[in-house]
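Observations on the three-dimensional arrangement
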Amino acid sequence: MPAIKLAPSILTADFGRLADEVRAAEAGGADLLHLDVMDGRFVPPITFGQVVVEGLRKVTNLPFDLHLMVVEPERHIAAYAGLVQTMNVHIEVSPHVNRTLEAIRKLGARAGVCLNPGTPVSAIEESLADVDQVMVMTINPGWGGQQMIPRQLEKVARIRRLLDDGGHAAEVEIDGGVKAANAAKCAAAGANVLVCGSSVYGPPGTVAENLAALRRALG
């Protein structure tokens, strides 16, 4: 199993000083930055879009992990070409997901597919050979700060087995409720990318202290 990557999500950061929050994550040893783009349709909230991502690209060298929580994601991917390293789209709104994944790769980015808690693994099983990353939502998407749904770790384990058995090299990412108390369980289930929002941009410590606590929890 490759080293576990920590991907702070700016969803729970202080948007009044967002550039400083991003720099703090980089200085604290984050491996990448997770960016949640929400359209108010696939999920209720609206967050930010291309302009904010362009601005953040100027203040950090961290790889960007883009999470498109939008309907018709294929209409939005071109806007982020050259800005992000990975684009993740939801299977629930991607009826032609293999076509979308191919389009993402043609734009020079890694292609990821996401599953909501109620979406079965079988929905993406036929696409595993075409993805660079599988993102398992361990909360119902839309808001940061939620508690992880523990049984979703069983889904992570099933996906890891399918990838390994099929000889696929895709990473497995967990998004939602990752904390020092459950980080080791996430890794044990087979995830190697952990999105961490409030556990980084919240109490008890600074961004650097919270990232260090997550590293310690992972051993």
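Residues numbered from 1 in each chain as written. Predicted model: local features only at pLDDT ≥ 70, side-chain atom pairs only at ≥ 80, totals over all residues. Heavy atoms only, no water.

Among the nonpolar cores identified, the biggest contains 60 residues, and Ile10, Leu33, Leu35, Ile174 and Leu194 are the most heavily contacted of them. Those residues in contact with isoleucine 10, other than ones at most four positions away along the chain, are Phe15, Leu18, Val22, Leu33, His34, Leu35, Phe48, Leu56 and Tyr201. By size, the runner-up hydrophobic cluster in this structure holds 6 residues, among which are Met38, Phe42, Val43 and Met69. (Core = buried A, V, L, I, M, F, W, Y, C linked by side-chain atoms within 4.5 Å. Buried < 20%, exposed > 50% of the residue type's maximum accessible area, 1.4 Å probe, protein only. Contact = heavy atoms within 4.5 Å.)

Now for the sheet that holds strand 2 (residues 33–38). The strands that make up a sheet pair up through hydrogen bonds in the backbone, lying either parallel or antiparallel. An order of 1-8-7-6-5-4-3-2 is seen for the 8 strands of this open sheet, with the pairing classed as parallel. Of all strands in the sheet, those bounded by a partner on one side alone are strand 1 (5–8) and strand 2. Between one strand and the next, the sheet's axes are offset by a mean angle of 25 degrees, whatever the strand orientation. Two strands pair when backbone bridges link them, and strand 7 (residues 171–175) and strand 8 (residues 193–196) are joined in this way by 3 bridges, in the parallel orientation. Of the residues in strand 8, the one forming a bridge with isoleucine 174 is leucine 194. Helix 6 (residues 207–218) contacts strand 1 and strand 8 of the sheet and is inclined by roughly 150 degrees relative to strand 1. (Pairing = 2+ DSSP bridges. Helix = DSSP H or I, 4+ residues; strand = E, 2+ residues; numbered from the N terminus. Axes fitted to C-alpha atoms, helices over the stretch in contact; angles between N-to-C directions.)

So, on to the environment of arginine 23. Within the secondary structure layout, arginine 23 lies in helix 1 (residues 18–27). With a relative accessible area of 40%, arginine 23 lands in the partly exposed category. With 39 residues separating them along the chain, arginine 23 and leucine 62 place their C-alpha atoms 9.2 Å apart.

Now for the pattern of salt bridges. Counted by the stated rule, this structure contains 9 salt bridges. The closest approach of N and O atoms between glutamate 21 and arginine 17, which form a salt bridge, is 3.1 Å. The salt bridge partner of aspartate 132 is arginine 105, with a shortest N-O separation of 3.1 Å. Placement of the pair is aspartate 132 in the loop between strand 5 (110–115) and strand 6 (133–137) and arginine 105 in helix 3 (residues 97–106), with a sequence separation of 27 residues. Residues participating in the shared-partner salt-bridge network are Lys5, Arg110 and Glu171. (Salt bridge = Lys/Arg side-chain N within 4 Å of Asp/Glu carboxyl O.)

Our focus in this paragraph is empty space enclosed by the protein. Counted according to the given criterion, the structure contains 1 cavity of 30 Å³ or more. Here the largest cavity is characterised by a volume of approximately 200 Å³. In terms of lining, the largest cavity is formed by 25 residues, of which the most central are Ile139, Gly144, Gly145, Asp175 and Gly176. Within the residue set of the lining of the largest cavity, elements represented by two or more residues are strand 2, strand 3 (64–69) and strand 8. When its residues are assigned to classes, the lining of the largest cavity shows 10 nonpolar, 12 polar and 3 charged. (1 Å grid on protein atoms, 1.4 Å probe; cavity = no way out; pocket = protein on both sides within 12 Å on 5 of 7 lines; lining within 4 Å. Points joined across faces, edges and corners; volume = space filled by probe spheres on them. Nonpolar A, V, L, I, M, F, W, Y, C, P; charged D, E, K, R; others polar.)

Assignment of secondary structure puts histidine 90 in strand 4 (residues 86–90). The class of histidine 90 is buried, set by a relative accessible area of 0%. Once you skip the residues sitting within four places of it in the chain, histidine 90 turns out to touch Phe42, His67, Leu68, Met69, Cys114, Asn116 and Met137.

On to the packing of aromatic side chains, then. Scanning the entire structure with this criterion turns up 1 aromatic pair. Note on phenylalanine 15 and phenylalanine 48: the rings are 6.1 Å apart at their centroids and 40 degrees apart in plane angle, and the pair reads as tilted. Remark: phenylalanine 48 occurs in the loop between strand 2 and helix 2 (50–57) and phenylalanine 15 occurs in the loop between strand 1 and helix 1; sequence separation between them is 33 residues. Phenylalanine 48 sits in the buried class, given a relative accessible area of 9%. When the ring centre of phenylalanine 64 is taken as reference, the NZ or CZ atom of arginine 57 above it lies at 3.8 Å. (Phe/Tyr/Trp six-rings, centres within 6.5 Å; stacked < 30°, edge-to-face > 60°. Lys NZ or Arg CZ within 6 Å of the ring centre and 35° of its normal.)

Time to look at helix 3. Turning to helix 3, its buried residues number three or more, namely Val97, Thr100, Leu101 and Ile104. For helix 3, the arc enclosing every buried residue in end-on projection is 100 degrees, short of the 170-degree limit, so these residues lie on one face. Every exposed residue of helix 3 that faces more than 90 degrees away from the buried side is listed here: Arg99 and Lys106. On the buried face of helix 3, the contacting elements are strand 4 and strand 5. Immediately beyond the C-terminal end of helix 3, within one or two residues, lies glycine 108, with a positive phi of roughly 90 degrees. (Arc of directions from axis to C-beta.)

Note that every value here comes from positions in space, so none of it alone points to a role or purpose.
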